[in-house]
Amino acid sequence: MDRLDHLEHLDKHLVDELAQVARETVRDELREQTRKQRRTAMLYAASGAVALYAGAALALTLGLALALGLPDWAAALITAVILGVVAFVLRGMARPSHSRPTPDHETELATGRDRVMGGTAPGAPPSGLGMPYPPMPPTAPGTSGAPGSDAAPRPDDTDPEQPHHRA
């Protein structure tokens, strides 16, 4: 019995030591990965800043070249319009491909197939997630004579002290 207790102590010590080595190895590996990612992120940020300054210098060059033959205000206006068009094109290129209008989608929009203009509402929303409105009962509640409907309770019939049961 004494011998097994000693082995149990050794096993526990060995497990603790292995766990410590594993923690240190994982910590060192994560530290190295984050160091590489931090360096990459810094290089991307520096590249973006330099590209911004290069774009500003290019816009200034374009404006000064246009100012040789045009008034200064017209050269600045033309440069601003050109930069706006480039920004619009870049924004369109950055959007996901499924949001770009396809010829089929353009014809649907032109014919108004998805729209309700003075007609009835669609049975389900275009997303297909279910009914757009809650279902309507066939008859109004409280009308007698309708199959399966009881008369609505009157305020005199209800007792606030009575327990409420749901069927």
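All values reported here derive from a predicted model rather than from experimental measurement.

A short note on the overall build of the protein chain
Link 1 in the chain: Secondary structure summary: the protein chain contains three helices and zero strands in total.
Link 2 in the chain: Start at the N end of the protein chain and walk to the C end: the helices and strands fall as α-α-α.
Link 3 in the chain: Across the 167 residues of the protein chain, 4% fall into the buried class.
Link 4 in the chain: Carbon and sulfur atoms provide 64% of the accessible area of the protein chain, an area that totals close to 15500 Å².

Digging into the pattern of salt bridges
Link 1 in the chain: All chains considered together, the criterion is met by two salt bridges.
Link 2 in the chain: Residue Asp 28 pairs with Arg 31 through a salt bridge whose shortest N-O separation is 3.4 Å. Placement of both Asp 28 and Arg 31 in helix α1 (residues 2-67) is noted, with a separation of three residues, approximately one turn of the helix.
Link 3 in the chain: Among the residues examined, Asp 28 registers a relative accessible area of 46% and is labelled partly exposed.
Link 4 in the chain: With a shortest N-O distance of 2.9 Å, Arg 35 and Glu 32 are connected by a salt bridge. Separated by three residues within a single helix, Arg 35 and Glu 32 lie in helix α1, roughly one turn from each other.
Link 5 in the chain: For Glu 32, a relative accessible area of 34% corresponds to the partly exposed category.

Here's the deal with the confidence of the model for the protein chain
Link 1 in the chain: The predicted model of the protein chain has a mean per-residue pLDDT of 75, with 57% of residues at 70 or higher.
Link 2 in the chain: Confidence, read as mean pLDDT per element, is least for helix α3 (residues 103-111) in the protein chain (61) and greatest for helix α2 (residues 72-94) (88).

Regarding the side chain of Thr 79
Link 1 in the chain: Checked against the element boundaries, Thr 79 lands in helix α2.
Link 2 in the chain: Residue Thr 79 is classed as buried on the basis of its relative accessible area, which comes to 7%.
Link 3 in the chain: Sequence-distant contacts of Thr 79, that is, excluding residues within four places in its chain, are made with Ala 59, Leu 62, Gly 63 and Leu 66.

As for the environment of Trp 73
Link 1 in the chain: The topology assignment puts Trp 73 in helix α2.
Link 2 in the chain: Separated by 10 residues in the primary sequence, Trp 73 and Gly 63 place their C-alpha atoms 9.5 Å from one another.

Quick notes on α2
Turn by turn, an α-helix covers 3.6 residues, leaving residues three or four places apart pointing in a common direction.
Link 1 in the chain: Helix length check: α2 (23 residues) gives 33 Å between terminal C-alpha atoms against 33 Å at 1.5 Å per residue, within 8%.
Link 2 in the chain: Residues of α2 that are buried: Ala 74, Ala 75 and Thr 79.

What counts as what
- Residues numbered from 1 in each chain as written.
- Predicted model: local features only at pLDDT ≥ 70, side-chain atom pairs only at ≥ 80, totals over all residues.
- Heavy atoms only, no water.
- Helix = DSSP H or I, 4+ residues; strand = E, 2+ residues; numbered from the N terminus.
- Buried < 20%, exposed > 50% of the residue type's maximum accessible area, 1.4 Å probe, protein only.
- Areas by Shrake-Rupley, 256 points an atom, 1.4 Å probe, with all protein chains shown as cover.
- Salt bridge = Lys/Arg side-chain N within 4 Å of Asp/Glu carboxyl O.
- pLDDT = per-residue confidence, 0-100.
- Contact = heavy atoms within 4.5 Å.
- Expected span 1.5 Å × (residues − 1).

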